[in-house]
Structure formats: structure tokens, C-alpha cells
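# Close look at the chain arrangement
If you want the building blocks of each chain, they are given just below.
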Amino acid sequence: MTSTVAVDGSVRPGGALAARAWLTWSLAAVAIALAGTNPIYRGIVALAALNVLAAWLPRGRSLRPLAWALAFAAGFAIAINLLASHTGEHVLVRFPDGLPLVGGPITVESLAYGATLGLGLVAAVLAVAPLSMVLESHDIVDALPGALERTGIAVAASMNLVSGFGRTFSAVRDAQRMRGWRPGGIRSWNEVLVPVALTAIEDSVLLAEAMEARAFGAGRRSSFASGSLGRRDWLVAGSALLAVGVFVGGRFLGLGADWYPYPSLVMPAVDLPLVAGCLLLALPAFMHRPEPAG
Amino acid sequence: MTDRLATLRHVTYAYPGADGPAIVDVDLDVRPGLTLVAGDSGSGKSTLLRLFNGLVPQFHGGRIAGSAEVLGLDPMRVPIPRLAVGAGLVFQDVETQSVYGTVEREVAFGLENLGRPRAEMHDRVDEALAELGIESLRRRRLATLSGGERQKVQLAAVLALRPRLVALDEPTSQLDPAGAAAVLESCLRATGAGRAVVLAEHRLEAVAPVADRLLQLDDGRVREADPGRLASLRGGAGPKQRRVPSRSVLGPGPDPSWELNDVDAGFGRRPVLEAITLAGRRGEVVALTGPNGSGKTTLLRTLAGLLAPMAGSIRRPDGRTAYLPQDPGALLHLPTVRAEVSLTIARSGGNEPPDAMLAAFGLLGLADRYPRDLSSGERQRAALAATLAGSPQLVLLDEPTRGMDGAARAALVGAVRELTGRGAAAVVATHDEGLVAAVADRVVRIEGGRVVEMVAEVGRRPDEGATGQDFTGEGITAADVAAGSTA
């Protein structure tokens, strides 16, 4: 049994999916998103992942920061390819050859290929987003093999310090500003970054002490949560594996060829079996079963 | 005696690299019941508590002499995880001791480490949550809990291991009165189950009524406090009572030094403060009270100019504004305490020697020490001196007495009076009723981002009449405020 955070901050074990089911789904979605350059399949994976994420996102958490980060990353990928590729028949504009990197023709083809690169990035990130936005840190720890469990706990515990790190940074920056500090060159940030780093180290030592005081490192651990998968977990994991199977099998059979817009822009090929395989990834979006808190 | 749970004999301990021992020749027996440990910051309270579960000396290293026995085990040699079963420790900071993100799993963490069977873990988690009356929090995320609730969760996480001795290191220092009361109630439940609870605290008045015993630590030496002292703390005998008027509007008098006019403030699009109208005069200390999360810090940051208001206007006096954040020790970064104070003075354009401010906070003897090597109380005094130097005209203090011992509190009260005596205005956000009584000229209660309560509060003042003002204590109602009248 795993636990997922619900609307009011309560944890909803009954309606949640096991972390191992999520891991399987995420790996499958990432594999499909990155296995080829066809933007149709990447787009379907991205849409499926977005729907799954929207369905399972705990109340109180927002997709807005992720959306901004993805927009920036995708925009960056498009811009780099657009400005640096200079390949393709349909020229949008031509920069002087003397300009480093961007000099030369700027083409529709390079814009299209940049867009498919950005789409692949978006699909891959959305595929792994549930691991951090839907699951709790202990869910991930539960899903790790025994050899990695302690490392996972140490990472999970240190992640708890991250929010405190942000608060310390704001507090120290504000306090130094009120003492007359103003941001200038890199060296001026010593007055903020040094005390923040020292405080982070002190907090880490305190956390290590608190963990040891609760017998961390005593020996073989056990887990509060059952590692067994339920029917719904198997359904999600199974459908994800089937999606990968269909996609990889289809590629072996000559379906789903990679798409390159160079030298001249062409429409990407669409093979219905692969589309169906990608759509299987949307299954978790229909399995969200809200339960009353407590 | 058979009910003795821990015994320390002639224990002396020094941290690695320390000039002297943190505790000296400690002789102590611990029995079931609540033992309150008093002492100034740096007196050795935290070190003493860490002896019971072996963190001292095993986690910290250093040199130790003497003998100790905790539940039949030697805490100097038996591995800490084995000691953790019998002797638990709850730390001061609720943020830095959490491992997982949810209540149930946080409580189960120690049991997982001990490899307990799953069924037993579920039973013990149920038992610990029930013992503290927090079953309803079981599935909550820690980040959504109040400070008091989080500290109770940490206590439950320790109780799940079924220790017979529980040590708590200033567990209420960061909590509002309601949170502190909840934690103390939990301690009582724990002692009711036959456990020994050893609790180190500065706010003795709050704990003394439920304590069975009072230990005093001075410079690492522990002694049984005079029984009369515990009785007097229980009885609440203290300085003369003083009534502090509670009102959000100024009475007749000179123009205000600072003003908030119909201010909304917050983060993103969500206002934390709504329609706040407040003002204060030169020489006046306004205390902001209210529960954790009510918006006091946001109000101070807005008044300081660190947060732009969403609506309304703000006026501050000319000259420097001093702002002391929560956990002020975090801002210290220079090689010496003197350098920290000098930096603030230089930045404010002043030329007074730093020694006056260092002396005000009793720091002259520590002026050439590295601030982060000081005890927590000394470090807090250093941060106060560094913040309040430079002749500020507006002083904003956010929970300044958090974890502060008596000497530091007295120094703070003196410094605030000194500054307001020279014409500065001060605004202090605090849960500390003693501080309110000691320095405040007026109390404003904030709740849910609004000024909500307009009744007189009663407090104590160690030095009655120090401001030369005599308050009638007559409160005013919210309707009075709305009508613009004053008490």
C-alpha cells in the first residue's frame, strides 16, 4: 500500500497507486517519448502524461511552476535549433554569415525540428513528474531495492531541508539588506550565501543527529508499507509495459519511422497501432478514485 | 532505588576542540515523572539531554569521564540505536528533525529502522498517536501542520519506540502559547504512563506547574533547585502585574512615526494581510500578538519595505530601519562578533564605537570570538547587537526571544528601551507575554491577517513604570476602532 497526498493535505492510501506501478508507467512513457523523433507519438505521450498528472495532482499543488519550466526548456531547444541549424529549403530569414553561430539561413525545417526536440523534452519531463508531484518521498523509498534504501532515506530526509534552505536564504537576504547590504558583483553575495551555507550545514548535522536518535543505521530495516501490488497497480504497470511492447515491436516491424524535416519539410507518418500503444499510457488518468480524508 | 531509570555519576564531558567542559561532575538520578531542567544558554542543558541516549559522546565525539547507566545500559558504549529503544530525544527545531513528509510514516520511521514486523509497527503507531490524542492527523502532511502539532508528531515518533525515558530539548521555544500548551499536555500524558520526562526549557513559568522536580544547570554543573523556587514558579509569583492597552489606533498626540494605511500584503495573488491600518509614534513600542501563521511576520516585512503591499500605503521614518528576522543567528558570517556590529554601524553611516552595543548585550568578553562558535543564546545576543547597532529610527523585531535565556531577554529589553528612549519607534511580533509586559506600550492582535481583538491584556513588568506611563488598561472594541475612536 502506498500513500498519496490528497486535497487538504491528508494522505489517501486506499485510492492511491503503488510507487512501483508509477515507476513502471514513468519508465514506459519516457522510453516511448525518447525512442523516436516522430512528433505525433511524442505529442500523444505528452498529452497522456499531462492528463494523468492533472488527474492525480494533490490539491494545493500547482502545475504552474512546471508549466513555466517546460515552456522555458522547450523554447530554449527550439531557439537553439532554429538559430544554429541553418539547414532546410524554406528560408524564413537570412542573417549575415559573419555573425557567429546564428549567421546563415534560418529555416522552417530547423524550426520544426527544434519543436519536436522541445516536445520530446516536455513529454519526458511530464512522464517523470508524478514521481515528485504525486508520490511522497517515502513512497519512492519503499519502491527502491533494499541495497538503495538507506541512500534513498538520506536523500528523502535531505529534501525536507530544501524548503528550510529557501526560507533561510530569504531571511538572511532580507536581514542583510536591512543592514545595508546591496547585491552587486559575485563577491557581494558572500554576505548572503556564506551564512546560508553555514546554516544548511548546521541543519544537516541536526537532522543526522535526529535520525540517529531514532535508530537510523541500526541494521536490517523493515517497511511500514506493504510492497505488494493491487489489481489497479498491476493494470497500470501492465498497460504501460504493453504500450512499450507495442511501440518497440512496431518499430522492429518497420512502423513508426523517425521523422526528419530536412532537407524539406514533410508530414510525419502515423501508424495506428503505435498511436493505440501511446494512448494506453493515459489509462491512469481514468483510475483516479478520490477518497474522503481520514 | 528500583524506579531509577538513569544514573549519572561524576560525569564530565567536553566537545572536540572545546576550551572547557560542557558539563562538569554531574551526579544525577532520573525517576518517573517530569523533571524540568533550567539554566542559561550554554549552561549545558542540551548536552545533558544528549547523554541519556548516547549522542554525547558517541555522535559528537569529545572527551568524557565518569560513569552513566540508562535503563541498565552504558550510554557511553552501547550503540545509539540500541539506546534509542529505551531513551528518546525530541529536538527543539520541528523543521530539521523530520525525515518523511507525512505523519504516519514519520512516526513509524524509528520502528522501521529497528526492523519491527509490519503488524507490530501499525499497532505501535496507533498507540503513539492515541497516547498524544493526534489520531486525526495520521494521514496529514507535516507541512500542513502547526508548530505545536508537528512537535507532538515528533514526540509520538519517539514514544512509538516505547522508551521509558524521554528527553525534550526546549520543545516549546518556537511555538505559540496554544502549541506550547499542547506539547506540555503531551508530556503529562507521557509521565502518566509511568515514563520519565526530562525537559529543558527557558520558559519555566509555563512548565513549572506540571513539573515534579526542578534541576538547575550553571556552567555545566547541575544541582537540585531550591524546592521553594519550584513552588514559587508554580504559584506564578513574579513581578508586579501591569496592564497593557490593546488597540490598533493611536490616541491623541504627535504625528505618527510610521503608518500602514489600508494595506493588503501577501505572496503571489493571495493576500496574507487584509485592510491593515496601523500606526506608531516615536518612542513607542507596539507589540503584535496572535497565533503562528496569522500574518505578523508579513506585516513586519511589509513595514520594513521587504515586501511590496498589494494595496494601501506605508510610511516609515527617515533614517535606518532595523529588522531582526526569526532565527537571527543565521545572518552571522564575519570572523568576530565585533566585526558584525561594526559592519552594521559602518553601513548606516555612523561612527560610534561598537563597544557600547557589545556592552549592552554583555558581549564585550566575546567580542573577538567567531559568532558561530558561541552558544545559541550568545549567538542570538550577537545577532541582536549586529541588528540594532547604527541608531535605527524604526526597530522591527520578529519573535526576538525565541530560545532566549533570561540574560539575553534582559539585554533585549534594555536595548529596546534605550533605542525608544532616543526616539526610535519599535514594533515587536511575539508570543512572549513576558516580553509584551516588559516593553510594550500597546498591543495589537493579528489573526487571519486582520486586526481582530481589541480587549485589554494583562501582563507583568519587571520594572514597573520604566517608561513613565500609566495605563488604565481600558480596552476598546472593534466597533470603536471602526468608528475611529480611541481608548
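Residues numbered from 1 in each chain as written. Chains lettered and ligands numbered in written order. Predicted model: local features only at pLDDT ≥ 70, side-chain atom pairs only at ≥ 80, totals over all residues. Heavy atoms only, no water.

### What to know about the overall build of chain B
As a reminder, the rule being used: Working definition: helices are DSSP H or I runs of at least four residues, strands are E runs of at least two. Numbering for both runs from the N terminus. Relative accessibility under 20% of the residue-type maximum defines a buried residue, over 50% an exposed one, and the middle range a partly exposed one, all with a 1.4 Å probe and only protein chains included. Any two residues whose heavy atoms approach within 4.5 Å are treated as being in contact. Residue-level accessible areas treat just the shown protein chains as cover; the underlying method is Shrake-Rupley with a 1.4 Å probe.
A count of helices and strands for chain B gives 16 helices and 20 strands. The proportion of buried residues among the 487 residues of chain B is 57%. Contacts in chain B between residues at least 24 apart in sequence constitute 71% of all its contacts with a sequence separation of at least 6. Carbon and sulfur atoms form 48% of the exposed surface of chain B, whose accessible area is close to 18300 Å².

### Structural notes on the packing of aromatic side chains
Residue and element names in this part refer to chain A. Selection criterion: Whether two aromatic rings pair depends on their centres lying within 6.5 Å, for rings of Phe, Tyr and Trp, where Trp uses its six-membered ring; planes under 30 degrees apart make the pair stacked, over 60 edge-to-face, and the rest tilted.
Applying the stated criterion to the full structure yields 11 aromatic pairs over all chains. Between Trp22 and Trp56 the ring centres are 5.4 Å apart and the planes differ by 90°, which places this aromatic pair in the edge-to-face class. Taken as a pair, Trp22 in helix α1 (residues 19-35) and Trp56 in helix α2 (residues 39-56) lie far apart in primary sequence, 34 residues in all. Here Tyr113 and Tyr262 contribute two aromatic rings whose centre-to-centre distance is 5.6 Å and whose plane-to-plane angle is 55°, an arrangement assigned as tilted. Taken together, the positions of Tyr113 in helix α4 (residues 108-133) and Tyr262 in the loop between α8 (231-252) and α9 (272-279) put the pair 149 residues apart, joining distant regions of the chain. The partly exposed category is assigned to Tyr262, whose relative accessible area is 25%. Ring-pair connections join several aromatic residues into one group, and the members of that group are Trp22, Trp25 and Trp56.

### Digging into the environment of Ile446(B)
Residue and element names in this part refer to chain B. Looking at the secondary structure, you find Ile446 in strand β18 (residues 442-447). Accessibility expressed as a relative area gives 0% for Ile446, which makes it buried. Ile446 sits 68 residues away from Glu378 along the chain, and the two C-alpha atoms are 30 Å apart. Contact partners of Ile446, with chain neighbours within four places excluded, come to Ile276, Leu288, Thr289, Gly290, Pro291, Ser294, Lys296, Leu299, Val451 and Val452.

### Structural notes on a nonpolar patch on the surface
Residues and elements named next belong to chain A. Note the following rule: Patch definition: residues above 30% relative accessible area lacking any salt bridge, with like charges linked at up to 9 Å and the nonpolar side chains Val, Leu, Ile, Met, Phe, Trp and Tyr linked at up to 5 Å. The term salt bridge refers to a pairing of a side-chain nitrogen on Lys or Arg with a carboxyl oxygen on Asp or Glu at a separation within 4 Å.
Together, Ile40, Val270 and Leu272 make up an exposed nonpolar region whose accessible area comes to about 270 Å². Along the chain, Val270 falls in the loop between α8 and α9. With relative accessibility at 47%, the residue Val270 sits in the partly exposed group.

### Quick look at the sheet that holds strand β4 (residues 63-70) of chain B
All names here are of chain B. Selection criterion: When DSSP finds two or more bridges between a pair of strands, those strands are recorded as paired. Here the axes come from fitting lines to C-alpha atoms, over the contacting stretch only for helices, and the angles between their N-to-C directions go from 0 to 180 degrees.
Strands sit in the order β2-β1-β4 across an open sheet of 3 strands; the sheet is antiparallel. In this open sheet, the two strands that pair with only one neighbour each are β2 (23-30) and β4. On average, adjacent strands in this sheet sit at an angle of 15° to one another, irrespective of strand direction. Examined bridge by bridge, strand β1 (residues 6-14) and β4 share 7 bridges and lie antiparallel to one another.

### Quick notes on unusual backbone geometry
For the bond from Tyr262(A) to Pro263(A), the omega torsion is -5°, close enough to zero to count as cis. Val56(B) connects to Pro57(B) through a cis peptide bond whose omega is 10°. When you line up the elements, Pro57(B) lands in helix α2 (residues 55-59). Positive phi, normally seen in glycine, also occurs at Glu170(B), with a value near 45°. Here Glu170(B) is to be found in the loop between β6 (165-169) and α7 (177-192). We classify Glu170(B) as buried; its relative accessible area is 5%. Positioned with a positive phi, Ala275(B) is a non-glycine residue whose angle comes to about 50°. With respect to the helices and strands, the residue Ala275(B) is situated in strand β12 (residues 270-280).

### Section: the sheet that holds strand β11 (residues 258-267) of chain B
Residues and elements named next belong to chain B. Strand order in the open sheet formed by 3 strands is β12-β11-β14, and the pairing between neighbours is antiparallel. Edge positions in the open sheet fall to β12 and β14 (311-315), since each of these has one partner strand only. Between one strand axis and the next, the sheet turns by 30° as a mean value, whatever way the strands run. Helix-sheet contacts for helix α10 (residues 296-304) involve β11, β12 and β14, and the interaxial angle to β11 is about 120°.

### Points about the nonpolar core
Within soluble globular proteins, side chains that are nonpolar generally end up buried alongside one another. This is how the line gets drawn: The definition of a nonpolar core used throughout is a set of buried Ala, Val, Leu, Ile, Met, Phe, Trp, Tyr and Cys residues joined through side-chain atoms within 4.5 Å.
Counting residues in each nonpolar core, the largest one holds 43 residues, and the members touching the most others are Trp22(A), Trp25(A), Val45(A), Leu126(A) and Leu281(A). Elements that contribute at least two residues to this core include exactly α1, α2, α3 (64-84), α4, α8 and α9 of chain A. Other than its neighbours up to four places away in sequence, Leu281(A) contacts Trp25(A), Ala28(A), Ala29(A), Ile32(A), Val45(A), Ala48(A), Val52(A), Ala240(A) and Ala243(A). Counting 42 residues, the second-largest nonpolar core is a separate cluster that includes Val125(B), Ile134(B), Val158(B) and Ala160(B).

### Quick look at the interface of chain B and chain A
Rules: We define buried area as the total accessible area lost by two parts upon association, computed with a 1.4 Å probe and summed across both. We call Asp, Glu, Lys and Arg charged. Ala, Val, Leu, Ile, Met, Phe, Trp, Tyr, Cys and Pro are nonpolar, and the rest, Gly among them, are polar.
Contacts between chain B and chain A engage 58 residues on the former and 60 residues on the latter. For the pairing of chain B and chain A, the buried interface totals around 5200 Å² over both sides, and the portion due to carbon and sulfur atoms is 56%. Counting across the chain B and chain A interface gives 10 salt bridges. Here Glu202(A) and Arg372(B) are joined by a salt bridge, their closest N and O atoms 3.2 Å apart. A total of 9 residues in the side of chain B that touches chain A trace back to one element, the largest contributor, which is helix α4 (residues 103-113) of chain B. Considered class by class, the residues forming the side of chain B that touches chain A number 25 nonpolar, 16 polar and 17 charged.

### Points about the pattern of salt bridges
This structure, assessed with the given rule, holds 38 salt bridges over all chains. Of the charged contacts, one joins Arg347(B) and Glu191(A) as a salt bridge, the two residues approaching to 2.4 Å between their closest N and O atoms. One end of the pair, Arg347(B), is in helix α11 (residues 337-347); the other, Glu191(A), is in helix α7 (residues 190-213), on a second chain. Among the charged side chains, a network of salt bridges with common partners joins Asp142(A), Glu149(A), Arg221(A), Arg105(B) and Glu112(B).

### Description of the packing of α1(A) against α8(A)
Two measures define how a pair of helices packs: the angle their axes make with one another and the distance between the axes. Residue and element names in this part refer to chain A. Applicable threshold: By definition in this entry, angles of less than 35 degrees are roughly parallel, angles greater than 145 are roughly antiparallel, angles of 65 to 115 are roughly perpendicular, and the rest are oblique. Crossings are sorted by hand: turned counterclockwise from the far helix by less than a right angle, the near helix makes the crossing left-handed, and turned clockwise it makes it right-handed.
Packing of α1 against α8 leaves a shortest axis separation of 8 Å and a crossing angle of 20°. The angle between the axes of α1 and α8 places the two elements in the roughly parallel class. Note that α1 runs across α8; the crossing there is left-handed. The segment α1 lies against α8, with Ala21, Thr24, Trp25, Ala28, Ile32 and Ala35 engaging Asp233, Val236, Ala237, Ala240, Leu241, Ala243, Val244, Phe247 and Arg251. In terms of residue class, the contact of α1 with α8 is made up of 12 nonpolar, 1 polar and 2 charged.

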